[in-house]
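One-letter residues, chain by chain:
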Amino acid sequence: MAGSTTTQSGRVALASLIGTTIEWYDFFIYGTAASLVFNELFFPAFDPLVGALAAFASFAIGFLARPLGGVVFSHFGDRLGRKPMLIWSLMLMGVATLLIGTLPAYDSIGVWAPVLLVLLRFAQGLGVGGEWGGAALMAVEHAPDRRRGFYGAWPQVGVPAGLLLGNTTFSLVSANVTDEQFMTWGWRIPFLMSAALIVLGLFIRLKISESPVFERVMRTKEKSRVPVLEALRSHPRTIVLATGTFLGTHATFYITSTWLVFYTTEEGLFERTTVLNANSLLSFVDIPFMLAFGLLSDYLGRRRMMISGMAVMALFALPYMLLVDSGSIVLYLLGGMVLQLCRTSVYGPQSAYYSELFSTRLRYSGISISYQLASILGGGIAPMICTGLYTATGSPVAIAGYMAVLAVISCGSAYLLTETYKRDLAEPSPPREADSEPTASG
């Protein structure tokens, strides 16, 4: 790729990985805390089940904020550059996470506790909403032409790495304090640790260079005045279908990482530390899967992998929930491994796949809108829907049906998204007329 060596590509990919790991760590530890303590600490006036719903609702607030964060950060990312947005998103996320760790509970400040908790969760959502698009583009736009899938998978790895770091931290705290200590102050430790991680992340991100593809746009003055609106106007079909391709992946991730922690511990299937350790192991396995599938997509094609991954997931949803409900941690891990393969076959190549759907001048906006819409429709509300379905039916089969339906939607969306055109990111940006919907498959 012009202006970028393999060494530089690797350095930027590694920096994107470290930064996204820190951001997702901050975002995910909230979900773990919501599963374990927030219902009692911040919503104690409710029945335990209703309190759990309220805690998961506060978790979902972060997802409602993500599209707004995506819009704001992508607007400036397409106009001012990818790198500045990565700095600001990391700072916003870090401050919000640190404040959650210091927030007094309901028994200290009453109703202000859940109100402030929701506001800080909203700020987390804004930060992570702007994070993914910038990190994905920095990796893909620095990558060699034939390795976009592989280098684009590195910021994707930040998701399981962040979850792994968060789960491991919670697990270590949980294993070394009493239940009373965990409820009183132990849960705060992972949030307070964010301060040191944010300093590390800022140091790394300040040292990387701006995307050479975006710098070319700056030189040729091809920037859009309002990139978000232009992307919505010129690419509506692509955005809708790209959103659909990610619903199944996003939903199953938050079902397994958040809702199942609540379900398996409340039903007495597993101890809290056991399920956290199991999820940490599964998150670790995600990492080589994502890199492998990102590389494989450079040879087999991204759309083909998305269709096959979601088709298998739809078929495996019911067996998976039955394995979880068996109460055997070995079967829980086995089912999780299969589900990981399905999910990472989509998520590994996603940065490259999304980036190749939009031109440089609209790329940050196009991919952020698609990704963050899927985060609401697929991810943020999934724990609440699962809680409601299980309350109504008392059976995990309902959860399996929900997962299967979303996987079918994703499979169909990937199948219909045939008019993708692979812009050669190493070539000069095409004229503005080319930003309309493509008419031929690339």
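Residues numbered from 1 in each chain as written. Predicted model: local features only at pLDDT ≥ 70, side-chain atom pairs only at ≥ 80, totals over all residues. Heavy atoms only, no water.

Within the largest apolar cluster, 113 residues are counted, with the highest numbers of intra-cluster contacts made by Phe 38, Trp 187 and Trp 259. When residues in this core are grouped by element, the largest group, 14 residues, is from helix 1 (residues 6-41). If sequence neighbours within four positions are ignored, Trp 259 has contacts with Phe 56, Tyr 254, Met 321, Pro 383, Cys 386, Thr 387, Tyr 390 and Ile 399. Grouped together as the second largest cluster of nonpolar side chains are 7 residues, Val 12, Leu 86, Met 138 and Ile 208 included. (Core = buried A, V, L, I, M, F, W, Y, C linked by side-chain atoms within 4.5 Å. Buried < 20%, exposed > 50% of the residue type's maximum accessible area, 1.4 Å probe, protein only. Helix = DSSP H or I, 4+ residues; strand = E, 2+ residues; numbered from the N terminus. Contact = heavy atoms within 4.5 Å.)

Turning to the side chain of Glu 141, a few remarks are in order. Note on placement: Glu 141 falls in helix 5 (residues 112-142). On the basis of relative accessibility, which here comes to 0%, the residue Glu 141 falls in the buried class. A polar atom in the side chain of Glu 141 sits 2.8 Å from the side chain of Arg 82. Among the polar contacts made by the side chain of Glu 141, one reaches the side chain of Arg 363 at a distance of 2.8 Å. (Polar contact = N/O pair within 3.5 Å; in protein donor to acceptor, adjacent residues only side chain to side chain.)

Our focus in this paragraph is helix 6 (residues 148-176). Across its 29 residues, helix 6 extends 43 Å between first and last C-alpha, which sits within 8% of the 42 Å expected from 1.5 Å per residue. For helix 6, a buried count of 22 out of 29 residues is recorded, marking the element as mostly surrounded by other parts of the structure. (Expected span 1.5 Å × (residues − 1).)

A few words on the pattern of salt bridges. Scanning the model with the defined rule gives 8 salt bridges in all. Of the charged contacts, one joins Arg 302 and Asp 298 as a salt bridge, the two residues approaching to 3.2 Å between their closest N and O atoms. Salt bridges sharing partners connect three or more residues here, namely Asp 78, Arg 82, Glu 141 and Arg 363. (Salt bridge = Lys/Arg side-chain N within 4 Å of Asp/Glu carboxyl O.)

Another point: the packing of helix 5 against helix 6. When two helices pack together, their arrangement is given by the angle between the helix axes and by the axis-to-axis distance. It is the contact of helix 5 with helix 6, at a shortest axis distance of 8 Å, that shows an interaxial angle of 150°. For the crossing formed where helix 5 meets helix 6, the hand is right-handed. Listed contacts from helix 6 to Trp 132, Ala 135, Ala 136, Ala 139 and Val 140 of helix 5 are Arg 148, Tyr 151, Gly 152, Pro 155 and Gln 156. Each residue belonging to the contact of helix 5 with helix 6 can be placed in one class, and the counts come to 7 nonpolar, 2 polar and 1 charged. (Axes fitted to C-alpha atoms, helices over the stretch in contact; angles between N-to-C directions. Left-handed = near helix turned anticlockwise from the far one by under 90°. Nonpolar A, V, L, I, M, F, W, Y, C, P; charged D, E, K, R; others polar.)

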